[in-house]
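Survey of secondary and tertiary structure
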Amino acid sequence: MKDCQVRRYLFNIVLEYRKRISIIISLMLISMIIGIYLPLVNQKILDEGFIRYDIISLCKNILICSMLFFLKICIDYWKEKLRIKIYLEFKKKLNLQSFNHLMKMEYFFFNTKNSAEMLNNIERDTENVSRIFDSSIFFTFTQILNIIGGIIGLLLIDFRITICTLLTVPVKVFFSKRFSLINRELSQEYLKVDKENARYFGDAIEGIKEIKLFGVYNNKRCKFQKFQEELYRCEYNLHLLSQKNMLVDNIIAQSIIVLIYFIGAEYFLNGSLTIGSIFSCITYGSYIIQPIALLINVEFQLSGIVPSIKRFLEFMKMKEESETGKIADINDFTGDIVFQNVNFSYEKDKRIISDFNCIFHKSCINIVIGKNGAGKTSLINVLMRFYPLDSGNILIGEKNIKSFTIETYRRNFAVVNQNIYLFQDSIRNNITMYQEFDDDYIYQICEMCEIMDFINSVSLDYNVGERGCRLSGGQLQKIALARAIIMDKPIILVDEMTSNVDSLSTKKILNVFNTALKGKTIIIITHEDEVKNIGDYVINLTY
């Protein structure tokens, strides 16, 4: 991604919040005027109050100074309040955008990405992108007002000191450019190592059982430690660079103060400047060099954010599920499911389904059998439109499944997957999928699925834990089947649903297909002879 695209993105963000930014700039303008006047008041306090012993002038100017200072504090508070609101709103917007985009992305993306790595990248990038409204960066773009105020103030006192102060700016420019380049390189390296670390960490968590079984803890720990050492090195260099940048700022600021003291001393001795004027010059000098340092530091600070902006924009451009269908009427969803010359592969030149022709009969139990790797589960994936076909067509009745909107299409299916996922929520919500059903009806469905004994021992509001970790494999499958039944969809897809269920429960559960689910189009993938026997049709996948 090019830098011009990043700049366009930043410009559009500023444009979106332009009204509140305009208010902040207006407040900055008022603050600048107060800032110009405050050193002049302080000058009078020194020259008229202390040096000339004018008590009335001293008290009057101290009162004016206090009132102006209090007003400036109030303005700064209002500015910061507005900025914080923009920052939090923008961060919330990025998080919502990320979530909505993830929910719409093509399914195969999630099978090729480590979940821990993916979430770590999104969280880090949204946090970094939000930093464009951080106080240090956001107000950098309005500090030009302080510079103007400082220059005006210095010119009111002495133009020669103004020129000497401005001559230090090129030095700061040189160092900031240098530090900015190094910072960008270090930030990119850090993001790369952090991404690899997150992927490795997620892989270790997913494979924790194998780590314990095969005793590879030391191997995994050593590699993880290497990642941590690399992250430590990168982060150390980033923090050290920031301190070097701050050190240069302080040296330049102190140099200006020393310069003003020397020049001011000469002018004081010949009577052209007062003590108050010299101290006012120092204040105005800080008005110039500090904002200039911030303005020049924009590049330094953005160089740490730009890599995250690029990665975030690249993520947001990742392909979402393409919506080609126009039919949104559920009543059009009738007929046999017909596969016509279907070819499908997850990877190029590694075909899983080849020239497949088949009819899954409406209102019948269709059994799919075949060897491992024959493409049984892949049939469900293409039928649910999680993956596009290489070629061929899938019809329901006489309509191509692509002619239906994705939401309408999937709303007609209930699926019991081989690898069942339950949300970290109650049994009730995992069965009803957050829809409203009467408890008696839920209990009736659970009775059919042989899960009532367990529910009676806990409750429908029992939290199943992360991924259903508090349940056995059989209980997971029974809850998934109960979910499929209660949804009352016209088509039921089942993938090895009785693999973890005892023989007695299997018989009772299989009876459900000829009772509660009778009349629905059912496709069951199985290896078990007992399940095959309930089928009206058997499709044997052989390639």
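It should be noted that the structure appears before, not after, this text.
A short tour of the structure in this document, coming up. Predicted, not measured: the structure shown is a model, and the values here were computed from it.

Quick word on the overall build of the protein
Secondary structure assignment for the protein yields 20 helices and nine strands. Its C-alpha atoms give the protein a radius of gyration of 35 Å, clearly above 24 Å, the size a compact globule of 543 residues would have. Seen along its three principal axes, the alpha-carbon backbone of the protein occupies a region of about 110 × 50 × 50 Å. Counting every position in the protein, which comprises 543 residues, the buried fraction comes to 45%. In the protein, once contacts between residues fewer than 6 apart in sequence are set aside, the share between residues at least 24 apart is 79%. Summed over all atoms, the accessible surface of the protein reaches about 29,300 Å², with 58% contributed by carbon and sulfur. Taking the average location of the 64 positive side-chain charges in the protein and that of its 59 negative ones, the two points are 6 Å from each other.

Some words on the packing of aromatic side chains
Any pair of aromatic rings gets described here by the distance separating the centres and the angle formed by the planes. Inspection of every chain in the model, using the stated rule, returns 15 aromatic pairs. Where Tyr 200 meets Phe 227, the ring centres are 5.5 Å apart and the plane angle is 45 degrees; that geometry is what we call tilted. Pair noted here: Tyr 200 is in helix 9 (residues 169–206) and Phe 227 is in helix 11 (residues 217–269), with a separation of 27 residues, a long-range link. For the pair Tyr 200 and Phe 227, one class covers both residues: buried.

Focus: the pattern of salt bridges
On inspection of all chains with the given rule, the structure shows 15 salt bridges. Here Glu 89 makes a salt bridge to Arg 20, at a shortest N to O gap of 2.7 Å. Highlighted residues: Glu 89 in helix 3 (residues 55–104) and Arg 20 in helix 2 (residues 18–51), separated in sequence by 69 residues. Relative accessible area serves as the criterion here: at 32%, Glu 89 is assigned to the partly exposed category. The residue Lys 91 makes a salt bridge to Glu 127 at a minimum N-O spacing of 2.6 Å. Of this pair, Lys 91 sits in helix 3 while Glu 127 sits in helix 5 (residues 115–130), and the two are 36 residues apart along the sequence. Classification of Glu 127 by relative accessible area gives partly exposed; the value is 31%. Within the structure, one salt-bridge network assembled from shared partners comprises Lys 72, Asp 76 and Lys 79.

Re the nonpolar core
Among the nonpolar cores identified, the biggest contains 57 residues, and Tyr 9, Phe 90, Ile 132, Phe 133, Ile 161 and Ile 309 are the most heavily contacted of them. Of all the secondary structure elements, the ones that give two or more residues to this core are helix 1 (3–16), helix 2, helix 3, helix 7 (144–157), helix 9, helix 11 and helix 12 (275–316). By size, the runner-up hydrophobic cluster in this structure holds 41 residues, among which are Ala 414, Ile 445, Ile 451 and Ala 480.

Focus: the pairing of strand 4 (residues 391–396)
Strand direction decides the pairing type here: strand 1 (residues 337–347) and strand 4, joined by five bridges, are antiparallel. Its bridge partner being in strand 4, Ile 337 is matched across the sheet by Ile 396. Connecting strand 4 to the next strand, strand 5 (residues 399–400), in antiparallel fashion are two residues, including Gly 397 with a positive phi near 70 degrees.

Section: the sheet that holds strand 7 (residues 491–495)
In a beta sheet, neighbouring strands are held together by backbone hydrogen bonds and run either parallel or antiparallel to one another. Overall, parallel pairing links the five strands, which are arranged 6-7-8-3-9 in an open sheet. Whereas interior strands pair on both sides, the edge strands pair on one side only; in this sheet they are strand 6 (413–416) and strand 9 (537–541). Ignoring strand direction, the axes of neighbouring strands in this sheet form an average angle of 15 degrees. Sheet topology note: the strand 3 (residues 365–370)/strand 9 ladder contains five bridges and is parallel. When the sheet's bridge partners are listed, Gly 370 is paired in strand 9 with Leu 541.

So, helix 3
Helix length check: helix 3, at 50 residues, gives a terminal C-alpha distance of 73 Å against a target of 74 Å (1.5 Å per residue), a fit within 8%. Measuring from the side-chain oxygen of the N-cap residue of helix 3 to the backbone nitrogen of Ile 56 gives 3.3 Å; that N-cap residue is Asp 54.

What to know about a nonpolar patch on the surface
A cluster of nonpolar side chains, contributed by Phe 50, Ile 51, Tyr 261, Phe 268, Leu 269, Ile 275 and Phe 279, occupies part of the molecular surface with about 720 Å² of accessible area. Elements that contribute at least two residues to the nonpolar patch include exactly helix 2, helix 11 and helix 12. Here the nonpolar patch takes three residues from helix 11, the largest share from any one element. Mapped onto the elements, Ile 275 comes out in helix 12.

A closer look at the pairing of strand 2 (residues 350–360)
Relative to strand 2, strand 1 runs antiparallel, the two sharing seven bridges. The residue bridging Ser 345 from the neighbouring strand is Arg 351, located in strand 2. Hairpin connection from strand 1 to strand 2: two residues lie between these consecutive antiparallel strands, with Asp 349 at a positive phi of about 70 degrees.

Conventions and cut-offs
Residues numbered from 1 in each chain as written. Predicted model: local features only at pLDDT ≥ 70, side-chain atom pairs only at ≥ 80, totals over all residues. Heavy atoms only, no water. Helix = DSSP H or I, 4+ residues; strand = E, 2+ residues; numbered from the N terminus. Rg over C-alpha atoms; globule rule 2.2 N^0.38 Å. Buried < 20%, exposed > 50% of the residue type's maximum accessible area, 1.4 Å probe, protein only. Contact = heavy atoms within 4.5 Å. Areas by Shrake-Rupley, 256 points an atom, 1.4 Å probe, with all protein chains shown as cover. Lys, Arg positive; Asp, Glu negative; His and termini not counted. Charge placed at Lys NZ, Arg CZ, Asp CG, Glu CD. Phe/Tyr/Trp six-rings, centres within 6.5 Å; stacked < 30°, edge-to-face > 60°. Salt bridge = Lys/Arg side-chain N within 4 Å of Asp/Glu carboxyl O. Core = buried A, V, L, I, M, F, W, Y, C linked by side-chain atoms within 4.5 Å. Pairing = 2+ DSSP bridges. Axes fitted to C-alpha atoms, helices over the stretch in contact; angles between N-to-C directions. Expected span 1.5 Å × (residues − 1). Polar contact = N/O pair within 3.5 Å; in protein donor to acceptor, adjacent residues only side chain to side chain. Patch = residues over 30% accessible without salt bridge, like charges linked within 9 Å, V, L, I, M, F, W, Y side chains within 5 Å.

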